[in-house]
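# A closer look at the structure
If you want the building blocks of each chain, they are given just below.
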Amino acid sequence: MQLTYLEAIRQGIWEEMERDPTVFCLGEDIGIYGGAFKVTDGFIDRFGPERVIDTPIAESAIVGAAFGASLTGMRPVAEFQFMDFIPCAMNQISNMVAKTHYLWGAPAPLVLRGPSGGYVHGGPFHSQNPEMWFVHNPGLKVICPATPYDAKGLIKAAIRDNNPCVFFEHKYLYRRIKGEVPTDDYVVPIGKAQVAREGKDLSIITYAAMVHIAFEAAEILSEEGIDLEILDLRTVSPLDRDAIVATVKKTNKVIILHEHSRTGGLAGEITAIINEEAFDDLDGPIVRIAGLDSAIPFSPPQEHHYLPKLEDVVRESRRLKAY
Amino acid sequence: MARALWPSRMDDCATEKAIRKPSRFPGSRVTINRAPAAPPDMGNNKKKSKHSSNGHRGGGGAPVRPVERSSSGGNHSKKGKGSSNLRTYSIPDFRLEHPDFTVHQSTDKNGHVRYEVTGDLDAAVPPIRESKCLDQQQAVQIYRYMMLNRKMEMALENLYKQGKVVGGVYFGLGQEACSCASAYALDKDDWFAPMIRNQGSLLVRGFRARDTMMQYMAKADSPTHGRDGTSHFGDIEKRNMVSPISMLGDLIPVMSGVALGARLQGRNIAVMTYIGDGGQSTGVTYEGINFAAVQNLGLVLIVESNEWAYSTPSEMQYRCKDLAERAVGYGIPGVIVDGTDACQVYDAAREAVERAHRGEGPTLIEAKMMRMKGHAIHDSASYVPRPLFDFWKKRDPIARFENYLVCKKKWLTGKENAELVAEVERVIEEEREVAVNSPMPTPESAEGGVYCENGCHEIKPKYGRPKAKKGTAAYKETEAAVHLK
């Protein structure tokens, strides 16, 4: 059936709560109100206030409580109203949750999920893409789906995973895209990228909302005879090194496209992987397209300037193809 | 054991009449009465609470209530002239003395800024309070754990001096009663999380001295196999212990979450953790206690007021008179005990644990005592005014408890006591031997274990499958208006 990206996530959590009584949700305004974006709309009527818990505005308490509950064998799904607020709980996530299995052997099967991303004029505190902060925390799995199919399959996989998963839902995609989602139970494996579009001339390595910009660019460029391959990472930690290397070996030219700031961004890490494992396969410089090295501004013309754009991808693809 | 622990008669406890400290702010509506004004009342509110937070079980509800009628002299009644808005709260105080001094900064004649203590430092040492519930065997066991705690730390100090310890050593000297008697109040299914000075709690909960010793020496056989030191380890299988991290306060919401998880599985358990007068300054402390209060979870928070946070005196951490007063703001019971008196600590902790088991929510227990060494072994604590050490040295928790058991209660003969001490020393020596002989980990053992994978753990609910009740509402797509379309 055709579902929006938001509905796919919602259905995924619902199905897991139906299937497994150890799954429960906690977060701000997720109960009767159903969450700021309505991801848990109606959940409290079905699963009750015991399993759909409205919390105080206290992100450290939300993560701490989710972690504590996970130690008793529960599988909490904690919502951040916006992922911009996740640094409020950074100590819990980085020092408590992420390190727990490595240090003292306790698994922490919990999911921290919420909306991230720009293009909605949310301003500097409602538009960020903070996934890199978690990529640099070994022990966490960081998931950023681009399609309704992947969003549902990955949220279900995250809930079933025995590790702490940080699940970024791109709020621009919530109700803008629809896609085919099977009614049968399925999961999408965490840590596996997917070639979203086969191509031969150059590879765009990207994820989340940027996948859709890459597709638009591919349409335009195909008319000029430039054939883009699009690798959708889906999980940004742990990275699917094999898939990255495979696409480089196939097209020999690479653009890495991400929404968050350029410096210290994921493109740097992917570039290093390519250098280590496929340097001899490169026929051109690795190109980065990313957000500016600033906070993400509020006013639409400024936000547009900050974020990666279709014309950036088209321009850089032409340039790299001609290299 | 029937337990009605709070002093029910005024002559049963130290009285501190009326309001010792007037409000600093005109118009303040809350007055704290530190005297145990009400009979045993940790919030057994008879009235059905209107509060309907998730998961509340019967009998819960906002536990601190205004005391309608003060029994401690009646000089701050609710309906007195011009004070109709005055609310009076009780903070039961079990101490048999109320040390009266303050630490402040002053400049000496050479122009150096120093800490200085002023107040009554010559007060007589109080006796151990009679426990309302400890029997002979329990009291002697707690005493033995306290002795084990101290002897283990003495052994650690020696290991440090022999160069066998990696990093520093942290001591709970002077705090053994607090660590051991509090943990002793827990039942097997309850959970706890120690802080750095609660090495005695670990012994009570069944860890061996070698575990902590090997942690300090970063050995391959340590509970974390060398990956972390000190009391930073845990056990979610048998001993229900959550590993602390170095950042203070973060265990409070975590332990609340443990209680939440257990409640979803149909069990009200007690979850005990500790925080210092320094650590309680963190924001996450507030978040954690507030979460437990709102959710009515069985948190037993031992606030260890030990005067010093590294080199900073409690006077520079908070302004209220007693940290137990914080409980009023959370809407939970707060009590004060003498942290050097094992009987007081146990009685208060046990009552809090039983409240937790009854689903009546969190309790804050402030234990007053003194950190009798520096922050860690490198720190000579030269910033602490000597008279403070002298004052608290006379209140040594082990010497006083020993005297209580041997001389007052005659629960131990001198000979039995000597045998107990010799047995503890023998155990510590054996443990030290095992710990020292454990190999160092291989360099390669730094790798692996970042993720739980390949079936390394089976995750299942600890207290049984949650009995989730489901409503009749069916899934339907949401079309509601949302923020930031």
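None of the values given here were measured: they were computed from a predicted structure.

Let us look at the overall build of chain A. For chain A, the count of helices and strands is twelve helices and 14 strands. Each of the 323 residues in chain A was classed as buried or not, and the buried ones make up 67%. Within chain A, contacts between residues separated by at least 24 positions form 83% of all contacts whose residues are at least 6 apart in sequence. When the accessible surface of chain A is split by element, carbon and sulfur atoms take 53% of a total near 10600 Å².

Moving on, we get to the nonpolar core. In this structure, L233(A), I274(A), W191(B), V242(B) and F401(B) are the most contacted members of the largest nonpolar core, which totals 162 residues. A per-element tally of this core places helix α1 (residues 136-161) of chain B first, with twelve residues. Ranked by size, the runner-up nonpolar core spans 62 residues in total, among them I44(A), A151(A), I159(A) and V211(A).

Moving on: the sheet that holds strand β4 (residues 75-79) of chain A. Residue and element names in this part refer to chain A. Strand order in the open sheet formed by seven strands is β3-β2-β4-β5-β7-β6-β12, and the pairing between neighbours is mixed. Looking at the sheet topology across the chains shown, the edges are occupied by β3 (52-54) and β12 (235-237). Going from strand to strand, the sheet's axes swing by 20° on average, the running direction of each strand aside. Pairing of β4 with strand β5 (residues 111-116) involves three bridges; the strand directions are parallel. Bridging from a neighbouring strand, E79 pairs with R113 of β5.

As a further point, take the packing of helix α8 (residues 209-222) of chain A against helix α12 (residues 310-322) of chain A. Residues and elements named next belong to chain A. In contact at an axis separation of 9 Å, α8 and α12 are set at 50° when each is read in the N-to-C sense. Between α8 and α12, the angle falls in the class oblique. Between α8 and α12 lies a crossing of right-handed hand. Taken together, the residues of α12 that come into contact with α8 (itself represented by I213, E216, A217, I220 and L221) are L310, V313, V314, S317 and R318. Classifying every residue of the contact of α8 with α12 gives seven nonpolar, one polar and two charged.

Turning our eyes to something else, we now look at empty space enclosed by the protein. All names here are of chain A. Tallying each qualifying case throughout the model produces six cavities of 30 Å³ or more. In this structure, the second largest cavity occupies an estimated 80 Å³ of space. If you trace the second largest cavity, you find 13 residues lining it, with N129, E131, H170, Y207 and A208 closest to the centre. Per-class residue counts for the lining of the second largest cavity are five nonpolar, five polar and three charged.

For the rest of this paragraph, the subject is the interface of chain A and chain B. Contacts between the two partners involve 68 residues from chain A and, on the opposite side, 64 residues from chain B. Interface of chain A and chain B: buried area, both sides summed, is about 5600 Å²; carbon and sulfur atoms make up 63% of it. Linking chain A with chain B are one salt bridge, by the criterion used here. Notably, a salt bridge pairs K470(B) with E18(A), separated by 2.9 Å at the nearest N-O pair. Across the chain A-chain B interface, the total number found is 24 residue pairs in polar contact (both at pLDDT 80 or more). Among the secondary structure elements, those contributing two or more residues to the side of chain A that touches chain B are α1 (5-19), α2 (43-51), β3, α3 (59-71), α4 (90-97) and α5 (100-104) of chain A. Considering every element that reaches the side of chain A that touches chain B, the biggest residue donor is α3(A), with nine residues. Looking at the side of chain A that touches chain B residue by residue, the classes come out as 32 nonpolar, 20 polar and 16 charged.

Within helix α2 (residues 176-184) of chain B, nine of the nine residues are buried, leaving the element largely enclosed by the surrounding structure. All of the buried residues in α2(B) are E176(B), A177(B), C178(B), S179(B), C180(B), A181(B), S182(B), A183(B) and Y184(B).

Right, let's talk about the confidence of the model for chain B for a bit. All names here are of chain B. Here chain B averages 86 in pLDDT, and 82% of its residues register 70 or above. The model gives residues 1-29 a pLDDT under 50, and that stretch makes 67 contacts with residues more than four places away or in other chains. Confidence drops under a pLDDT of 50 for residues 36-80, and excluding neighbours within four residues, the segment shows 92 contacts in the predicted structure.

All names here are of chain A. The set of residues buried in helix α9 (residues 241-251) consists of A243, I244, V245, T247, V248 and T251. Lining the buried residues of α9 we find β10 (202-206), β11 (228-232), β13 (254-261) and α10 (266-278). N252, located one to two residues past α9, shows a positive phi value of around 70°.

This part takes up the sheet that holds β11(A). Note on sheets: strands pair through backbone hydrogen bonds, and any given pair is parallel or antiparallel. All names here are of chain A. Taken in spatial order, the five strands line up as β9-β11-β10-β13-β14 in an open sheet, and their pairing is mixed. The open sheet has two free edges, formed respectively by β9 (194-197) and β14 (287-291), since each of these has just one partner strand. For this sheet, the mean angle separating the axes of adjacent strands, direction not counted, is 25°. In the packing of α9 onto the sheet, the strands contacted are β10, β11 and β13, and the crossing angle to β11 comes to about 175°. Strand contacts of α10: β10, β13 and β14, with the helix running at about 150° to β13, the strand carrying the most contacts.

Bringing the pairing of strand β11 (residues 363-368) of chain B into the picture now. Residue and element names in this part refer to chain B. Taking burial as the measure, the six residues of β11 include six buried ones, the bulk of the element. Burial of β11 is two-sided: the residues T363, I365 and A367 facing one way and the residues L364, E366 and K368 facing the other way are all buried. Pairing geometry for strand β7 (residues 299-305) and β11, over six bridges, is parallel. The residue bridging V300 from the neighbouring strand is T363, located in β11. In this region the chain leaves strand β10 (residues 334-338), passes through helix α8 (residues 342-357) and returns to the parallel neighbour β11; the handedness of that crossover is right-handed.

Okay, the packing of aromatic side chains next. A complete count under the given rule lists 21 aromatic pairs over all chains for this structure. Ring centres of F37(A) and F82(A) lie 5.3 Å apart, and the angle between their planes is 75°; on these two criteria the pair is classed as edge-to-face. Pair noted here: F37(A) is in the loop between β2 (23-27) and α2 and F82(A) is in the loop between β4 and α4, with a separation of 45 residues, a long-range link. The same class applies to F37(A) as to F82(A), namely buried. Judged by centre distance (5.9 Å) and plane angle (65°), the rings of F43(A) and F47(A) are edge-to-face. One end of the pair, F43(A), and the other, F47(A), are both in helix α2, four residues apart, so they sit about a helical turn from each other. There is no split in this pair, since F43(A) and F47(A) are both buried. Linked through ring pairs, Y5(A), F37(A), F82(A), F85(A) and Y174(A) together constitute an aromatic cluster. Positioned over the ring face of Y33(A) is K38(A), at 3.4 Å from the centre of the ring. Lying over the aromatic face of F207(B), R239(B) brings its terminal NZ or CZ to 4.6 Å of the ring centre.

Rules of the game
Residues numbered from 1 in each chain as written. Chains lettered and ligands numbered in written order. Predicted model: local features only at pLDDT ≥ 70, side-chain atom pairs only at ≥ 80, totals over all residues. Heavy atoms only, no water. Helix = DSSP H or I, 4+ residues; strand = E, 2+ residues; numbered from the N terminus. Buried < 20%, exposed > 50% of the residue type's maximum accessible area, 1.4 Å probe, protein only. Contact = heavy atoms within 4.5 Å. Areas by Shrake-Rupley, 256 points an atom, 1.4 Å probe, with all protein chains shown as cover. Core = buried A, V, L, I, M, F, W, Y, C linked by side-chain atoms within 4.5 Å. Pairing = 2+ DSSP bridges. Axes fitted to C-alpha atoms, helices over the stretch in contact; angles between N-to-C directions. Parallel < 35°, antiparallel > 145°, perpendicular 65-115°, else oblique. Left-handed = near helix turned anticlockwise from the far one by under 90°. Nonpolar A, V, L, I, M, F, W, Y, C, P; charged D, E, K, R; others polar. 1 Å grid on protein atoms, 1.4 Å probe; cavity = no way out; pocket = protein on both sides within 12 Å on 5 of 7 lines; lining within 4 Å. Points joined across faces, edges and corners; volume = space filled by probe spheres on them. Buried area = accessible area lost by both parts, 1.4 Å probe. Salt bridge = Lys/Arg side-chain N within 4 Å of Asp/Glu carboxyl O. Polar contact = N/O pair within 3.5 Å; in protein donor to acceptor, adjacent residues only side chain to side chain. pLDDT = per-residue confidence, 0-100. Right-handed = clockwise from strand over helix to strand, strands pointing away. Phe/Tyr/Trp six-rings, centres within 6.5 Å; stacked < 30°, edge-to-face > 60°. Lys NZ or Arg CZ within 6 Å of the ring centre and 35° of its normal.

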